[in-house]
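Survey of secondary and tertiary structure
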Amino acid sequence: MKRTLFACYALCTALLACASTTLPLRGNFVKPTDKNIQYVGRICFDNPERPRFTFPGTQINAHFTGTSLRLIAKPKSGYFMAQIDQGEPFKVAFMGERDSVVTLATALPQGEHEVRLMYVIEGYDLKPSFWGFLLDSGAQLLPPPALSSKTIEFIGNSITCGYGNESMTPADHFEYETENHYYSYAQIASRLLGAQAYVVARSGIGVYRCYGGAKEGTPENVMTTEYEYTNLYDRSERWDFSRYQPQVVCINLGTNDLSTNNYDVKLFQQAYYRFVSQVRSHNPQAKIVLLCGSMLSGKELEICRQVLDEVAQDAKKNGDQQVYRFDFTPIVSTPQNTLNETVTSYSAPSERDWPKYGADWHPSFWQHHLMANELTAYLQKLMNW
């Protein structure tokens, strides 16, 4: 049985006012080029009036006047999470063939307001793009609030994406509807730390081979390749690393490299060495943390931990003292029904009976909160945050 994260999602979706771009739009149209729109994440501006992105965690923020706000995006762009002022975040769907306008807020008190939008799925199939905002007539955007000076980059696979974390059973398979990066360990930890985060993540990806890939590797379909580009599966623009220099980079890879009992440990280790060097070359001042994800167990867990330990140790021997290690508690070792006792610095889910596993045995919404709590404590100490 599948369930969305909160029962009110269905009601919110029904109440959201969607319209085709063929309908007249009344109000103040704000183009994506407006200087007061705040962008966070890897976004391609080759067409400034149609900025496009594919990685989860991409953010579009604004500070506006008036009583209402509508979001305009390419039809079938996918799913966003939206938050108006300090209200409860809610999910926004752009999944219709013609729907391109969604009402985010109406009947707000007259005055100034903030909107925070986050793209929460992997968009390489949907190819999303942002087309602008629609405000009340006479309303305007104001300068956005300053971004946090604490900066993180998360590099990862389906775990970091939030694959299936809104599903209630591991029998479910991937669906856009049950992936929600907003409730991934990466974004929860970022909110706990008060940090901004850039995300480079895709389901099934590794450092030397993708999930179920050939034993000798899949070089065109791994993070060492994708990390260099602004969008997934799009070689039209190389990412300009000067646009974002994080203070800490968290790498959560290895689960797919060691999948399906068809892996070569030596090739995995060699590729991980190369990737850490690649990340270091682009982020010379950052601390780099090698994470061992929560889905591994048994022999593969031990292999991953050993390889990451050796990579970090060798980096230090070779003069790089800023490479670190952190292990999440494996899901199989997590006691059930401990969330409300464990997560003390973040509001726990309203439902207390979430399972440990989401779709295809991935971490559930509940499990991501536990992971976030673990990582937050570690980064607070490491970064003195």
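Residues numbered from 1 in each chain as written. Predicted model: local features only at pLDDT ≥ 70, side-chain atom pairs only at ≥ 80, totals over all residues. Heavy atoms only, no water.

Here we take up the packing of helix H3 (residues 185-193) against helix H8 (residues 365-383). Pairs of packed helices are described in terms of their axes, by the angle between the two and the distance that separates them. The geometry of H3 relative to H8 is characterised by a closest axis approach of 8 Å and an angle of 45° between their N-to-C directions. In terms of axis orientation, H3 runs oblique to H8. At the point where H3 passes H8, the crossing takes the right-handed sense. In this structure, H3 contributes Tyr185, Ile188, Ala189, Leu192 and Leu193 to the contact, and H8 contributes His368, His369, Met371, Ala372, Leu375, Thr376, Leu379 and Gln380. Considered class by class, the residues forming the contact of H3 with H8 number 9 nonpolar, 4 polar and no charged. (Axes fitted to C-alpha atoms, helices over the stretch in contact; angles between N-to-C directions. Helix = DSSP H or I, 4+ residues; strand = E, 2+ residues; numbered from the N terminus. Parallel < 35°, antiparallel > 145°, perpendicular 65-115°, else oblique. Left-handed = near helix turned anticlockwise from the far one by under 90°. Contact = heavy atoms within 4.5 Å. Nonpolar A, V, L, I, M, F, W, Y, C, P; charged D, E, K, R; others polar.)

Take the pairing of strand E8 (residues 99-105) next. With 6 of its 7 residues buried, E8 lies for the most part within the structure. Pairing between strand E5 (residues 69-73) and E8: 4 bridges, direction antiparallel. Bridge pairing links Leu71 to Val102 in E8. (Buried < 20%, exposed > 50% of the residue type's maximum accessible area, 1.4 Å probe, protein only. Pairing = 2+ DSSP bridges.)

A few words now on the sheet that holds strand E18 (residues 323-327). One open sheet holds the 5 strands; their spatial order is E13-E12-E16-E17-E18, and the pairing between them is parallel. Two strands close off the open sheet at either side, each with one partner strand: strand E13 (196-201) and E18. Pairs of neighbouring strands in the sheet enclose a mean axial angle of 20°, with direction left out of account. When strand E17 (residues 287-292) meets E18, the two strands line up parallel, connected through 5 bridges. Bridge pairing in E18 places Ile288 opposite Val323. Taken strand by strand, helix H5 (residues 265-282) contacts strand E12 (151-156), strand E16 (248-252), E17 and E18, and its axis lies near 145° from that of E17. Against the sheet, helix H6 (residues 298-317) makes contact with E17 and E18, and its axis sits at roughly 160° relative to E18, the strand it touches most.

Right, let's talk about the packing of aromatic side chains for a bit. Overall, the coordinates contain 22 aromatic pairs when judged by the stated rule. With a centroid separation of 6.2 Å and 70° between ring planes, the pair formed by Tyr39 and Phe130 is classed as edge-to-face. Taken together, the residues Tyr39 in strand E3 (residues 38-40) and Phe130 in strand E10 (residues 130-135) connect sequence positions 91 residues apart. By the burial criterion, Tyr39 is buried, and Phe130 matches it. When the ring of Phe80 is compared with that of Tyr119, the centres are 5.2 Å apart and the planes differ by 65°; the resulting orientation is edge-to-face. Here Phe80 is found in strand E6 (residues 78-84), whereas its partner Tyr119 is found in strand E9 (residues 112-119), with 39 residues between them in sequence. For the pair formed by Phe80 and Tyr119, the shared burial category is buried. A cation sits over an aromatic face here: Lys91 above Tyr79, 5.0 Å from the ring centre. (Phe/Tyr/Trp six-rings, centres within 6.5 Å; stacked < 30°, edge-to-face > 60°. Lys NZ or Arg CZ within 6 Å of the ring centre and 35° of its normal.)

For the pair H5 and H6, the least separation of the axes is 10 Å and the interaxial angle reads 40°. Judged on the interaxial angle alone, H6 and H5 are oblique. Note on packing geometry: the crossing formed by H5 with H6 is right-handed. Along its contact with H5, which presents Val265, Phe268, Gln269, Tyr272, Tyr273 and Val276, the element H6 presents Ile303, Cys304, Val307, Leu308, Glu310, Val311 and Asp314.

For H8, built from 19 residues, the straight-helix expectation of 27 Å at 1.5 Å per residue is met to within 8% by its first-to-last C-alpha distance of 26 Å. A large share of H8 lies buried, amounting to 14 of its 19 residues. Once H8 finishes, Asn384 follows within two positions and takes phi at roughly 55°, a positive value. (Expected span 1.5 Å × (residues − 1).)

Looking now at the confidence of the model for the protein. If pLDDT is low for a region, its predicted coordinates should not be looked at in detail. Of all residues in the protein, 89% attain a pLDDT of 70 or more, and the chain-wide mean is 91. Confidence drops under pLDDT 50 across residues 1-23; counting only partners more than four residues distant or on other chains, this segment forms 44 contacts. For residues 339-348, every residue scores under 50 in pLDDT, and the model assigns this stretch 22 contacts once sequence neighbours within four places are set aside. (pLDDT = per-residue confidence, 0-100.)

Let's shift gears to the side chain of Glu300. In this structure, Glu300 sits in helix H6. An unpaired buried charge is present at Glu300: no salt bridge exists, and Lys299, the closest side chain of opposite charge, is 4.3 Å distant. Separated by 2.7 Å, the side chains of Glu300 and Tyr263 make a polar contact. Glu300 has contacts with Leu258 and Tyr263, leaving out every residue within four places of it along the chain. (Lys, Arg positive; Asp, Glu negative; His and termini not counted. Salt bridge = Lys/Arg side-chain N within 4 Å of Asp/Glu carboxyl O. Polar contact = N/O pair within 3.5 Å; in protein donor to acceptor, adjacent residues only side chain to side chain.)

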